[in-house]
Amino acid sequence: MIDFHAHLDLYPNPFEVVRDCILRNIYVLSVTTTPSAFAGTLQLADGATRIRTALGLHPEVAHLRRKELALFDDLVPHTRYVGEIGLDGSPHLRQHWVDQQTVFRHVLRACARNGGRVMSLHSRRAAKPVLDALAENRDSGCAILHWFSGTVRELRCAIDLGCWFSVGPSMLSSERGRELARHMPRERVLTESDGPFANHQGHALWPRDVVTAVKQLAELWGQDLKEVEGQLASNLNEIGRRANTAS
Ligand code: MN
């Protein structure tokens, strides 16, 4: 199983969640929301060979954490994965739009300077500006749009830019989410939980709940579970290869 976007450090019981991931052999991209959370979150996965920790600066806190960009720059040489980063165009965050853009572009340039990174990106109500920033920073690495919720036209632009996608049970529970997923190239899709933020049927998702997304993809793709798992494993392998060719 693969959970390519989970906030392990934000569960009330992070050690229990990590133990469960190890027990079930789940590959996890453990994303963070601030550079200052990176060290502790990395430690959480100590000894867990299938968990990778990503360095992030979430757009919802960009205006509060701009000062941590210096720490971001110090840490980025030490990890091949960056996230959660991006932009959020929700009305309550509009007043911080300039800060969001400053932070996001700084982060993309830092990734580029370091030879590119595998990046997990947030783009709620901001698909176009996120794609514009990626187009201006093509050497920033391999972009994986998590829980993409733009239009089909924006999705096509993302595909043309070389973006990947991570999809979870919450996204695939809506017809709109499924419609987007149908247009995604199968060889560029990974599963995610986005736990503990994302809910499904009234409970906060755990990494193990990606099994639901595998079933949903099987239905969308008209394949059996084994075929879907094979495709996702091969996709993860390709991402690992890309992460390792980044400097
Ligand atoms: Mn997230």
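For the structure itself, consult the block above.
These numbers come from a predicted model, not from an experiment. (Residues numbered from 1 in each chain as written. Predicted model: local features only at pLDDT ≥ 70, side-chain atom pairs only at ≥ 80, totals over all residues. Heavy atoms only, no water.)

Draft legend 1. Summary view of the overall build of the protein chain. Scanning the protein chain from N- to C-terminus turns up 10 helices and 10 strands. For the protein chain, whose C-alpha radius of gyration is 17 Å, the value lies close to the compact-globule estimate of 18 Å for 247 residues. Taking all 247 residues of the protein chain together, the buried fraction comes to 56%. Long-range contacts, defined as pairs at least 24 residues apart, comprise 70% of the intrachain contacts of the protein chain with a sequence gap of at least 6. For the protein chain, the exposed surface amounts to about 11,100 Å²; the carbon and sulfur share of it is 50%. Counting 29 positive and 28 negative side-chain charges, the protein chain places the centres of these two groups 3 Å from one another. (Helix = DSSP H or I, 4+ residues; strand = E, 2+ residues; numbered from the N terminus. Rg over C-alpha atoms; globule rule 2.2 N^0.38 Å. Buried < 20%, exposed > 50% of the residue type's maximum accessible area, 1.4 Å probe, protein only. Contact = heavy atoms within 4.5 Å. Areas by Shrake-Rupley, 256 points an atom, 1.4 Å probe, with all protein chains shown as cover. Lys, Arg positive; Asp, Glu negative; His and termini not counted. Charge placed at Lys NZ, Arg CZ, Asp CG, Glu CD.)

Draft legend 2. Main features of unusual backbone geometry. Omega for the peptide link from Gly83 to Glu84 comes to 10°, which places this bond in the cis form. If you trace the backbone, Glu84 turns up in strand β4 (residues 81-86). Between Gly195 and the following residue, Pro196, the backbone shows a cis peptide bond with an omega angle of 0°. Residue position: Pro196 is located in the loop between β8 (189-191) and β9 (199-200). For Asn25, which is not glycine, the phi torsion reads 55° and is therefore positive. Relative to the helices and strands, Asn25 resides in the loop between α1 (14-23) and β2 (27-30). Here Asn25 falls in the partly exposed class, since its relative accessible area comes to 40%. Its identity as a non-glycine residue notwithstanding, Gln201 has a phi of 50°, on the positive side. On the secondary structure map, Gln201 appears in the loop between β9 and β10 (203-204).

Draft legend 3. Focus on the sheet that holds β2. On the basis of which strands lie adjacent, the open sheet formed by 3 strands has the order β1-β2-β3 and parallel pairing. Since the sheet does not close on itself, it has two edges, and those belong to β1 (2-6) and β3 (51-53), each with one partner. In this sheet, adjacent strand axes meet at a mean angle of 10° when their direction is disregarded. In this structure, β2 lies alongside β3, joined through 3 bridges in parallel fashion. The residue of β3 that forms the bridge with Leu29 is Arg52. With respect to the sheet, helix α10 (residues 225-245) is in contact with β1 and β2, its orientation differing from that of β1 by roughly 55°. (Pairing = 2+ DSSP bridges. Axes fitted to C-alpha atoms, helices over the stretch in contact; angles between N-to-C directions.)

Draft legend 4. The arrangement of the coordination of the manganese ion in detail. For the manganese ion, every protein donor is listed as His5 (NE2), His7 (NE2), Glu84 (OE) and Asp194 (OD), and the spread of their distances is 2.2 to 2.3 Å. Along the chain, the residues donating to the manganese ion are arranged with the sequence spacing H-x1-H-x76-E-x109-D. With His7 in the loop between β1 and α1 and Asp194 in the loop between β8 and β9, the pair connects residues that are 187 residues apart, well separated along the chain. Accessibility expressed as a relative area gives 7% for Asp194, which makes it buried. (Donors = N, O, S within 2.8 Å, 3.2 Å for Na, K, Ca; no water.)

Draft legend 5. View of the sheet that holds β4. Strand order in the open sheet made by the 5 strands is β4-β5-β6-β7-β8, with parallel pairing throughout. Looking at which strands have only one partner, the edges of the open sheet turn out to be β4 and β8. The mean angle between the axes of side-by-side strands here comes to 30°, regardless of whether they run parallel or antiparallel. As defined by bridge partners, β4 adjoins strand β5 (residues 117-122) across 4 bridges and the pair is classed as parallel. The partner of Ile85 across the bridge, within β5, is Leu121. Along the sheet face, helix α5 (residues 97-113) touches β4 and β5 and points at about 160° away from the line of β4.

Draft legend 6. Region of the structure containing the nonpolar core. Core analysis: the biggest nonpolar cluster contains 62 residues, and Phe4 and Met184 have the highest contact counts within it. Dropping the residues within four chain positions of it, Met184 is found in contact with Phe148, Leu155, Ile159, Phe165, Val167, Met171 and Val189. Ranked by size, the runner-up nonpolar core spans 13 residues in total, among them Ala6, Tyr11, Val18 and Cys21. (Core = buried A, V, L, I, M, F, W, Y, C linked by side-chain atoms within 4.5 Å.)

Draft legend 7. Structural context of helix α6 (residues 127-136). The complete set of buried residues in α6 reads Ala127, Val130, Leu131, Ala133 and Leu134. Seen end-on, α6 carries its buried residues on one side only, within an arc spanning 160°. Where α6 is buried, its residues contact α5, β5, β6 (141-146) and α7 (152-160). (Arc of directions from axis to C-beta.)

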